[in-house]
Amino acid sequence: MKTLQLLFLAGLITAPALRPTTALGQAAPVPKAGNPIVRDKYTADPAALVHNGTVYIYAGHDEAPAPEQRYVMHEWLCYSSQDMVTWKEHPSPLNVKAFAWARDDAWASQVIERNGKFYWYATVEHGSVPGKSIGVAVADSPTGPFKDARGSALITNNMTESKIMWDDIDPTVFVDDKGQAYLYWGNTNCYWAKLKPNMTELDGPINKVANLPGYTEAPWVHKRGGWYYLSYAYQFPEKIAYAMSRSIEGPWEFKGLLNEVAGNSNTNHQAIISFKGKDYFIYHNGAIPTDGGSFRRSVCIDYLYYNKDGTMQRVAMTTEGVKAAK
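Please read these numbers as outputs of a predicted model, since none were measured by experiment.

### Digging into the sheet that holds strand E12 (residues 181-185)
As summarised here, the arrangement of the four strands in space is E11-E12-E13-E14, forming an open sheet in which the pairing is antiparallel. Each edge of the open sheet is held by one strand with a lone partner, namely strand E11 (172-175) and strand E14 (207-208). Where strand E13 (residues 191-195) lies against E14, two bridges are found, and the strand directions are antiparallel. Within E14, the position partnered with tryptophan 192 by the bridge is asparagine 207.

Below, the structure is given as structure tokens:
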């Protein structure tokens, strides 16, 4: 945060003039200063999907007006790119209102594809079961429109044991090489369960991941070579740490920090993808001057590098971001 402030005061980071907007659906280069890839809206909790040569980023929409210090989030946003630099905005494919049983709070989510369908796992506040819940929406296209796939929540707060009402948040889904789908989620506890092939029902008990030091929230599972990686928000204010395993069911071995506190945002939420021969770390910070912060966040992208033994190098968060992928 102090570094960003000094750069801004020195004129090395400049604010966009009145946050210039781009017509919906129009692809345009995005100013790099500060790294946020979207500058006309506040975007948070990014998840990414690579499909048919295109990267799709799904993000929550921070709508709290300055100087309010609270989360105001009613919808999710979708952007696509074929080079990681030029981003096209699509009409919002999903709103909390799509879940008739939900009350509000479009929190962290993830979209994955299976058998030609796109499944969106999303955190919301339940309308009748106290606490946060996870719903599933489905579409025939990565840009939607998405509709409720169940008519009820997949996960509710009374399905897990915790003293808090927000432990059932931040879903991430991964399908292994054998076709088995797994759902990971949770705040203070990292839960996981198998999913049935229909992707809308649990297939077995809910389990807890053991031995994740400093685990707070925001799990993300990916695989590279013979290794599974479980990255997550660590402590508070949040950094990102990660663990590795030869099995998606663990046991997981803690490997340390992946990045530091991101800008002036207390939360940290990551997606990790490979695209056109490079690896990317997608996250949010609060870097947009002057109203950005923990409740008005912005999605950023930097490169991710692996060591020869499969471990990941600490991510260098930059104000320049990444270059166009070819």
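### Re the pattern of salt bridges
Evaluation of the coordinates by the stated rule reveals 14 salt bridges. The closest approach of N and O atoms between aspartate 105 and lysine 132, which form a salt bridge, is 3.2 Å. Taken together, the residues span a long stretch of sequence, with aspartate 105 in the loop between strand E6 (102-104) and strand E7 (109-114) and lysine 132 in strand E9 (residues 132-139) at a distance of 27 residues. On the basis of relative accessible area, lysine 132 is assigned to the buried category, the value being 7%. Measuring nitrogen to oxygen at the nearest pair gives 3.8 Å for the salt bridge that ties lysine 194 to glutamate 249. Taken as a pair, lysine 194 in strand E13 and glutamate 249 in the loop between strand E17 (239-245) and strand E18 (253-259) lie far apart in primary sequence, 55 residues in all.

### Here's the deal with the nonpolar core
Judged by nonpolar contacts, the single largest core of 37 residues is most densely connected at Ile57, Met84, Leu258, Ile282 and Ile301. The residues touching isoleucine 301, leaving out its near neighbours within four places in the chain, are Asn35, Ile37, Ile57, Met84, Trp87, Tyr280, Phe281, Ile282, Tyr283, Gly321 and Val322. Core analysis: the next-biggest nonpolar cluster, separate from the first, contains 24 residues, Ala44, Trp76, Trp107 and Ala137 among them.

### Quick look at the pairing of E13
Across the five residues that make up E13, a large majority, four, are buried. Alignment of E12 against E13, held across five bridges, turns out to be antiparallel. Within the sheet, the bridge partner assigned to tyrosine 182 lies in E13 and is lysine 194. As consecutive antiparallel partners, E12 and E13 are separated by five residues, and within that stretch glycine 186 has a phi angle of approximately 125 degrees, a positive value.

### Overview of the environment of proline 289
Within the fold, proline 289 resides in the loop between strand E20 (278-285) and strand E21 (298-303). Note on proline 289: relative accessible area 17%, which makes it buried. The spacing of proline 289 and glycine 34 is 255 residues in sequence and 9.0 Å in space, taken between C-alpha atoms.

### Structural notes on the sheet that holds E21
Taken together, the three strands give an open sheet; going across it, the order is E19-E20-E21, and neighbouring strands pair in antiparallel fashion. Among the strands making up the open sheet, the edge pair consists of strand E19 (271-275) and E21. Going from strand to strand, the sheet's axes swing by 30 degrees on average, the running direction of each strand aside. Two elements, E20 and E21, share six bridges in a ladder whose sense is antiparallel. By the bridge assignment for E21, tyrosine 283 is matched with cysteine 300.

How each quantity is defined
Per chain, the residues get numbers from 1 upward, laid out in the order the sequence is written. Predicted model: local features are reported for residues with pLDDT of at least 70 only, side-chain atom pairs are reported and counted for 80 or more only, and whole-chain, interface and lining totals are derived from all residues. For side-chain calculations, the full set of non-hydrogen atoms in the structure is used, while hydrogens and water are omitted. We call two strands paired when DSSP finds no fewer than two bridges between them. Per the convention used, a helix needs a DSSP run of H or I reaching at least four residues, while a strand needs a run of E reaching at least two, with both numbered from the N terminus. Salt bridge criterion: a side-chain nitrogen from Lys or Arg within 4 Å of a carboxyl oxygen from Asp or Glu. Only protein chains enter the accessibility calculation, which uses a 1.4 Å probe. A residue is then buried if its area is under 20% of the maximum for its type, exposed if over 50%, and partly exposed in between. Residues belong to one nonpolar core when they are buried, are Ala, Val, Leu, Ile, Met, Phe, Trp, Tyr or Cys, and are joined through side-chain atoms within 4.5 Å. Two residues qualify as a contact provided that any one of their heavy atoms is within 4.5 Å of a heavy atom in the partner residue. Under this scheme, a helix contributes an axis fitted over its contacting stretch, all axes are lines through C-alpha atoms, and angles between N-to-C directions fall in the 0 to 180 degree range.

It is worth stressing that arrangement in space is one thing and function is another; only the former is reported here.
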